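Fold and geometry: a report
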Amino acid sequence: DGGITQSPKYLFRKEGQNVTLSCEQNLNHDAMYWYRQDPGQGLRLIYYSQIVNDFQKGDIAEGYSVSREKKESFPLTVTSAQKNPTAFYLCASSGYGGGAGGSYNEQFFGPGTRLTVL
Amino acid sequence: AQRVTQPEKLLSVFKGAPVELKCNYSYSGSPELFWYVQYSRQRLQLLLRHISRESIKGFTADLNKGETSFHLKKPFAQEEDSAMYYCAFEKGSTLGRLYFGRGTQLTVWP
């Protein structure tokens, strides 16, 4: 089954703990993204990576960190410095994929991870 | 700052009625505009992009540079159109980096 996967679907953590959200894609896309989706706020970009071993901050990067050691993986760590971490997190990827069709501006989204910090 | 505005948080219409979801953007350059849709219990997905000038599921959207708008329209709404719709744009200088609006929840009543 091709596509982009996120795990886990639901995640609970205690306040003050770091937590890492997984995002994997087998679409051979170069670019990957992390968004936070809150009711009434739309999608806000946390970090994005256009190539392996490189990434840029989005609009709300404070309290988050990422790595891009492999093309297919882009994990997001929510640190204890994030003041309001409870949210729905979406990962996406884009790129030409090596096959027909595709583009850098069509983003393919994962199913999301709902993080609740207690 | 770049911004996408979707003025309606909620929009309700009856089946068969026309529907228009508004989107305005603020950007001095030449953006690419998109509409993404999220149906209940499904992933967010691309609906259409202005550069393709296509109609998807009966929806069309025209880029009006003078009014900096990219409204999504459908002449006859269907119940299956009920979903959350997001307008987004990309600056030409930052390939792939999208700016999303806050979304409009469309409900089509039978």
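Keep in mind the model is a prediction, meaning the values are calculated, not measured.

**Some details on the overall build of chain B**
Along the backbone of chain B there are 0 helices and 11 strands. Taken from N to C terminus, the helices and strands of chain B fall in the order β-β-β-β-β-β-β-β-β-β-β. Here the C-alpha radius of gyration of chain B, 13 Å, is about what a compact globule of 110 residues would show, namely 13 Å. Expressed as lengths along the three principal axes of its C-alpha atoms, the size of chain B is roughly 45 × 30 × 25 Å. Across the 110 residues that make up chain B, the buried fraction comes to 46%. A sequence separation of at least 24 residues applies to 58% of the contacts in chain B between residues at least 6 apart. Only carbon and sulfur atoms are counted for the fraction: they give 49% of the accessible area of chain B, which is about 5,700 Å². Side chains of chain B give 15 positive and 10 negative charges; the mean places of these two sets differ by 7 Å.

**Some thoughts on the nonpolar core**
Inside soluble globular proteins, nonpolar side chains tend to come together where they are buried. Membership of the largest hydrophobic core comes to 25 residues, with the highest contact counts inside it found for Trp35(B), Leu72(B) and Tyr85(B). Elements that contribute at least two residues to this core include exactly strand 2 (10–14), strand 3 (19–21), strand 5 (32–38), strand 6 (45–49), strand 9 (83–90) and strand 11 (104–109) of chain B. Among the elements that line this core, the one with the most residues is strand 9 of chain B, at 4 residues. With sequence-adjacent residues up to four places away left out, Leu72(B) is seen in contact with Val19(B), Glu20(B), Leu21(B), Trp35(B), Leu47(B), Leu48(B), Phe59(B), Thr60(B), Ala61(B) and Tyr85(B). In this structure, Val19(A), Tyr47(A), Ile60(A) and Cys91(A) belong to the second largest nonpolar core, which totals 20 residues.

**Thoughts on unusual backbone geometry**
The residue after Ser7(A), namely Pro8(A), is reached through a cis peptide bond having omega -10 degrees. Mapped onto the elements of the fold, Pro8(A) is located in the loop between strand 1 (4–7) and strand 2 (10–13). Its identity as a non-glycine residue notwithstanding, Asn53(A) has a phi of 65 degrees, on the positive side. Its location among the elements puts Asn53(A) in the loop between strand 5 (42–51) and strand 6 (54–57). Residue Asn53(A) is classed as exposed on the basis of its relative accessible area, which comes to 63%. We note that Arg41(B) has phi near 65 degrees; this positive angle belongs to a residue other than glycine. Structurally, Arg41(B) is set in the loop between strand 5 and strand 6. Since its relative accessible area comes to 85%, Arg41(B) is described here as exposed.

**Brief notes about the pattern of salt bridges**
All names here are of chain A. One pass over the full model with this rule turns up 8 salt bridges over all chains. Notably, a salt bridge pairs Asp30 with Lys71, separated by 3.4 Å at the nearest N-O pair. Taken together, the positions of Asp30 in the loop between strand 3 (19–25) and strand 4 (31–38) and Lys71 in the loop between strand 7 (64–66) and strand 8 (76–78) put the pair 41 residues apart, joining distant regions of the chain. A relative accessible area of 26% means that Lys71 is categorised as partly exposed.

**Things to note about the sheet that holds strand 1 of chain A**
Residues and elements named next belong to chain A. Taken together, the 4 strands give an open sheet; going across it, the order is 1-3-8-7, and neighbouring strands pair in antiparallel fashion. Of all the strands in the sheet, the pair left with one neighbour each is strand 1 and strand 7. Averaged over all neighbouring strand pairs, the angle between strand axes comes to 20 degrees, with direction disregarded. Relative to strand 8, strand 3 is paired through 3 bridges, and the arrangement is antiparallel. Its bridge partner lying in strand 8, Thr20 is registered against Thr77.

**Points about the interface of chain B and chain A**
You'll often see interface size given as the accessible area lost when the parts meet. Listed per partner, the contact involves 19 residues of chain B and 21 residues of chain A. Among the ionic pairs, Arg97(B) bridges to Asp59(A), the shortest N-O distance being 2.9 Å. Counting residues per element, the ones that place at least two in the side of chain B that touches chain A are strand 5, strand 6, strand 9 and strand 10 (98–100) of chain B. Per-element accounting of the side of chain B that touches chain A gives the leading share, 4 residues, to strand 5 of chain B. Taken together, the residues of the side of chain B that touches chain A break down into 8 nonpolar, 4 polar and 7 charged.

Criteria and thresholds
- Residues numbered from 1 in each chain as written.
- Chains lettered and ligands numbered in written order.
- Predicted model: local features only at pLDDT ≥ 70, side-chain atom pairs only at ≥ 80, totals over all residues.
- Heavy atoms only, no water.
- Helix = DSSP H or I, 4+ residues; strand = E, 2+ residues; numbered from the N terminus.
- Rg over C-alpha atoms; globule rule 2.2 N^0.38 Å.
- Buried < 20%, exposed > 50% of the residue type's maximum accessible area, 1.4 Å probe, protein only.
- Contact = heavy atoms within 4.5 Å.
- Areas by Shrake-Rupley, 256 points an atom, 1.4 Å probe, with all protein chains shown as cover.
- Lys, Arg positive; Asp, Glu negative; His and termini not counted.
- Charge placed at Lys NZ, Arg CZ, Asp CG, Glu CD.
- Core = buried A, V, L, I, M, F, W, Y, C linked by side-chain atoms within 4.5 Å.
- Salt bridge = Lys/Arg side-chain N within 4 Å of Asp/Glu carboxyl O.
- Pairing = 2+ DSSP bridges.
- Axes fitted to C-alpha atoms, helices over the stretch in contact; angles between N-to-C directions.
- Nonpolar A, V, L, I, M, F, W, Y, C, P; charged D, E, K, R; others polar.

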